[in-house]
Amino acid sequence: MKNFKVIKSDQKEWSEILSRSSFFDFYHTQSYNILENDGESLLFVASIENNFIAYPLILREIPNTNYFDCTSVYGYCGPISNLQHREINEALKLHFKESIMEYFQQNNIVSCFSRLHPVFENENILDDFGKTISLNKTIAIDLTIPLEEQRRKYRKSNKYEINKLKKENYVVEIAKTTQEIDAFVDIYTETMERVNATENYFFDRDYFHYFLKNPCFDS
């Protein structure tokens with residue numbers, strides 16, 4: 001049996017879908033999407049029997065029109081599934097594509113731009129659906145290898161800066177108390193002002209406190 005539904009970020013079914021997924025990142029979680037204030041966060045879910053493809057997107061109004069567009073939350077998102085990539089058959093992919101296109105047409109959604117996940121390689125789910133462009137590279141650190149081996153891979157300039165800070169008795173501490181988190185927020189905000197960051201890099205204190213104490217993932 002085929003099914004298609006759209007789940008809002010305040011519905012508990014969002015987290016239930018993720019709990020059944022074979023791969024996802026915190027960018028896909030209900031808690032992270034609730035923080036989005038540039039539009040309405042929605043989870044599109046297409047399923048055949050017990051298998052599904054789910055895609056979190058943000059629905060945004062296009063100013064001075066009756067039309068909308070979609071994008072993804074800031075970070076690496078894209079489609080997820082309860083199946084591994086090689087297990088997702090063409091019938092499920094086709095059902096997902098047809099269902100989401102029908103929803104877009106019925107709701108005046110004229111475009112969709114989404115970042116995908118560089119580790120999951122979930123662009124394979126979108127084969128023959130729109131266009132995937134590789135814009136740039138990102139950095140991944142393998143945390144499963146010993147710490148000393150990680151450090152040996154640092155650039156010379158990084159090693160120099162770290163050793164310099166050590167000699168000057170700088171330490172790194174995890175902010176745990178409200179006061180420590182607020183101090184971090186002050187430093188973050190001051191830095192964004194100093195580098196003339198755009199408005200979307202500024203957040204209020206509630207954003208940081210919710211992000212750190214959210215129920216979906218460990219910060």
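Please read all numbers here as calculations on a predicted model, not as lab measurements.

(A) Fine view of the overall build of the chain. For the chain, the count of helices and strands is 7 helices and 6 strands. Reading the secondary structure of the chain in the N-to-C direction produces β-α-α-β-β-β-β-α-β-α-α-α-α. Projected onto its principal axes, the C-alpha positions of the chain cover 65 × 45 × 30 Å. For the chain, with 219 residues in total, the buried portion stands at 32%. For the chain, the proportion of contacts with a sequence separation of at least 24, taken over those separated by at least 6, is 66%. Carbon together with sulfur atoms contributes 51% to the accessible area of the chain, which is approximately 15,300 Å² in total. Taking the average place of the 25 positive charges on the side chains of the chain and the average place of its 33 negative ones, the gap between the two points comes to 9 Å.

(B) Main features of the pattern of salt bridges. Throughout the structure, instances matching the rule amount to 9 salt bridges. Among the ionic pairs, Glu90 bridges to Lys93, the shortest N-O distance being 3.8 Å. Of the two residues, Glu90 and Lys93 both sit in helix H3 (residues 90–106), 3 residues apart, roughly one turn of that helix. Judged by its relative accessible area of 56%, Glu90 is exposed. Glu148 is the salt-bridge partner of Arg151, the closest N and O atoms lying 2.9 Å from each other. Of this pair, Arg151 and Glu148 are both found in helix H4 (residues 147–152), 3 residues apart, which corresponds to roughly one turn of the helix. You can call Arg151 partly exposed: its relative accessible area is 34%. A residue is classified by how much of its surface remains accessible, and Glu148, at 47% relative accessible area, is partly exposed. Among the charged side chains, a salt-bridge network with shared partners connects Asp38, Arg60 and Asp69.

(C) Region of the structure containing unusual backbone geometry. Look at Glu49: it is not a glycine, yet its phi comes out positive at around 55 degrees. Here Glu49 lies in the loop between strand E2 (40–48) and strand E3 (51–61). Since its relative accessible area comes to 57%, Glu49 is described here as exposed. Phi is positive for Glu121, close to 55 degrees, though the residue is something other than glycine. A residue is classified by how much of its surface remains accessible, and Glu121, at 45% relative accessible area, is partly exposed.

(D) Examining helix H5 (residues 156–167) more closely. If you check H5, its first and last C-alpha atoms are 17 Å apart, about what 12 residues at 1.5 Å a residue would give, namely 16 Å. Asn169 lies just past H5 and shows a positive phi near 65 degrees.

(E) Examining the environment of Arg86 more closely. Inspection of the secondary structure assignment puts Arg86 in the loop between strand E5 (80–81) and H3. In this structure, the C-alpha to C-alpha distance between Arg86 and Asn124, residues 38 residues apart in sequence, is 9.3 Å.

(F) Highlighting a nonpolar patch on the surface. Together, Tyr74, Tyr201 and Phe202 give the surface a local cluster of nonpolar side chains, amounting to about 300 Å² of exposed area. With respect to the secondary-structure elements, Phe202 resides in the loop between helix H6 (178–194) and helix H7 (205–213). Overall, Phe202 belongs to the partly exposed group, its relative accessible area being 31%.

(G) Layout of a positive patch on the surface. The grouping of Arg152, Lys153, Lys156 and Lys159 at the surface amounts to a positive patch. Along the chain, the position of Arg152 falls in helix H4. Residue classification places Arg152 among the exposed positions, given a relative accessible area of 57%.

(H) A look at the packing of aromatic side chains. Applying the stated rule across the entire model yields 24 aromatic pairs. Ring plane angle 85 degrees and centroid distance 5.2 Å describe the contact between Phe26 and Tyr32, whose orientation is recorded as edge-to-face. Residue classification places Phe26 among the partly exposed positions, given a relative accessible area of 26%. Considering the side-chain rings of Tyr74 and Tyr201, the 6.2 Å spacing of their centres and the 80 degrees angle between planes classify their relative orientation as edge-to-face. Of the two residues, Tyr74 is situated in the loop between strand E4 (68–71) and E5 and Tyr201 in the loop between H6 and H7; the sequence distance between them amounts to 127 residues. When its relative accessible area of 33% is taken as the criterion, Tyr201 is described as partly exposed. Each member of the aromatic cluster is reached from another via a ring pair, and the members are Phe26, Tyr27, Tyr32, Tyr76, Phe184, Tyr188, Phe203, Tyr207, Phe208, Phe211 and Phe217.

How each quantity is defined
Residues numbered from 1 in each chain as written. Predicted model: local features only at pLDDT ≥ 70, side-chain atom pairs only at ≥ 80, totals over all residues. Heavy atoms only, no water. Helix = DSSP H or I, 4+ residues; strand = E, 2+ residues; numbered from the N terminus. Buried < 20%, exposed > 50% of the residue type's maximum accessible area, 1.4 Å probe, protein only. Contact = heavy atoms within 4.5 Å. Areas by Shrake-Rupley, 256 points an atom, 1.4 Å probe, with all protein chains shown as cover. Lys, Arg positive; Asp, Glu negative; His and termini not counted. Charge placed at Lys NZ, Arg CZ, Asp CG, Glu CD. Salt bridge = Lys/Arg side-chain N within 4 Å of Asp/Glu carboxyl O. Expected span 1.5 Å × (residues − 1). Patch = residues over 30% accessible without salt bridge, like charges linked within 9 Å, V, L, I, M, F, W, Y side chains within 5 Å. Phe/Tyr/Trp six-rings, centres within 6.5 Å; stacked < 30°, edge-to-face > 60°.

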